[in-house]
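Next come the chains, spelled out residue by residue.
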Amino acid sequence: MGGPFIKTRFGRSDATSSKQSVESQVGRLPDGDKGVDHLKEIFEPKGFDAKDIVALSGAHTVGKCHADRSGFDGFWTEEPLKFDNSYFTDIVNKKYQEETTAAGNPQFKSTSSDTIMLISDLALLEGPFKEFTEKYAANQDAFFADFSAAWIKLQENGCEGLREAL
């Protein structure tokens, strides 16, 4: 699969029972059919800046959208099992045409391949996100370094006393 080596620390305790769990997933992750302002509304209150938001969005280099789960359908990259910077090179270099999924959701299909992007993906070409999107398209090592830092921040957000080993 590739990608950076990211050290994980242990001992995160989000809840001691299911009664303490989050009632809804709404607002925990961004909606694919919204743009820059929405990405900032979701991530900034959690302590993430533009660089973090773009780096974490790079996780779309692997996997796909599943119509039965999200209403969006398709792979972001041509090699969806490879973690690299192709998500960013595609955003910067490919042309996309708007389409509507069977579920009625807007998404964009590449004019040169079967890959797709969402509104939230193409928003990375705008405003405060553009410089990082272009940087990661040109420099995979920079993407890996910034993704690693943002992923650790995401995993450890609000946690203290984490351990290096189980």
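A short tour of the structure in this document, coming up. The numbering scheme is per chain: residues are counted from 1 as the chain's sequence reads. In view of the model being predicted, local features appear only for residues whose pLDDT reaches at least 70, and side-chain atom pairs are presented and counted only at 80 or more, with totals across whole chains, interfaces and linings using the full set of residues. Calculation of side-chain values draws on the structure's entire complement of heavy atoms; hydrogens and water are dropped beforehand.

Overview of the sheet that holds strand 5 (residues 116-117)
Then step 1. One requirement defines pairing of two strands: DSSP has to find at least two bridges between them. Helix and strand labels come from DSSP, where a helix needs a run of H or I of at least four residues and a strand needs a run of E of at least two; each type is numbered from the N terminus. An order of 3-4-5 is seen for the three strands of this open sheet, with the pairing classed as antiparallel. Each having just a single partner strand, strand 3 (96-100) and strand 5 make up the two edges of the open sheet.
Then step 2. Where strand 4 (residues 106-110) lies against strand 5, two bridges are found, and the strand directions are antiparallel. In the sheet register, Phe108 faces strand 5, and the bridge partner there is Met117.

As for the environment of Glu44
Then step 1. Along the chain, the position of Glu44 falls in the loop between helix 1 (36-43) and helix 2 (50-57).
Then step 2. Spatially, the C-alpha atoms of Glu44 and Ala59 are 18 Å apart, while their sequence positions differ by 15 residues.

Observations regarding helix 1
Then step 1. Here the term buried applies to any residue with accessible area under 20% of the maximum for its type, exposed to any over 50%, and partly exposed to those in between, with areas from a 1.4 Å probe on protein chains only. Listed in full, the buried residues belonging to helix 1 are Val36, His38, Leu39, Ile42 and Phe43. Along helix 1, the residues classed as buried sweep out an arc of 165° about the axis, all on the same side. Of the exposed residues in helix 1, the ones pointing more than 90 degrees away from its buried face are Asp37 and Glu41.
Then step 2. Only heavy atoms matter for contacts: two residues are in contact if any of them lie within 4.5 Å across the pair. Of the surrounding secondary structure, the elements contacted by the buried residues of helix 1 are helix 2 and helix 5 (119-122). As used here, the arc is the angular range of directions from the helix axis to the C-beta atoms.

Describing the nonpolar core
Then step 1. Remark: nonpolar core denotes a set of buried residues (Ala, Val, Leu, Ile, Met, Phe, Trp, Tyr, Cys) joined through side-chain atoms within 4.5 Å. Membership of the largest hydrophobic core comes to 34 residues, with the highest contact counts inside it found for Phe88, Leu124, Phe129 and Tyr136.
Then step 2. Going through the elements one at a time, helix 1, helix 2, helix 4 (86-93), strand 5, helix 6 (130-138) and helix 7 (140-156) are the ones with two or more residues in this core.
Then step 3. Not counting the four nearest positions on each side in its chain, Phe88 is found in contact with Val54, Gly58, Leu124, Thr133, Tyr136, Ala137 and Phe143.

Re the side chain of Ser113
Then step 1. Inspection of the secondary structure puts Ser113 in the loop between strand 4 and strand 5.
Then step 2. When neighbours within four sequence positions are excluded, Ser113 is seen to be in contact with Glu78 and Lys94.

Let's talk about the packing of helix 2 against helix 7
Then step 1. Here an axis means a line fitted to C-alpha atoms, over the contact stretch when the element is a helix, while the angle between two N-to-C directions is reported on a 0 to 180 degree scale. Two elements in contact, helix 2 and helix 7, have axes whose closest approach is 8 Å; the angle formed by their N-to-C orientations is 100°. Overall, the two elements helix 2 and helix 7 adopt an arrangement that is roughly perpendicular. Residues Lys51, Asp52, Ala55 and Leu56 of helix 2 touch helix 7, and the partners they reach there are Phe143, Asp146, Phe147, Ala150, Trp151, Lys153 and Leu154.
Then step 2. Lys, Arg, Asp and Glu make up the charged group, whereas Ala, Val, Leu, Ile, Met, Phe, Trp, Tyr, Cys and Pro make up the nonpolar group; the residues left over, Gly among them, are polar. Here the contact of helix 2 with helix 7 is built from residues that sort into seven nonpolar, no polar and four charged. In these notes the angle categories are as follows: under 35 degrees is roughly parallel, over 145 is roughly antiparallel, 65 to 115 is roughly perpendicular, and the rest is oblique.

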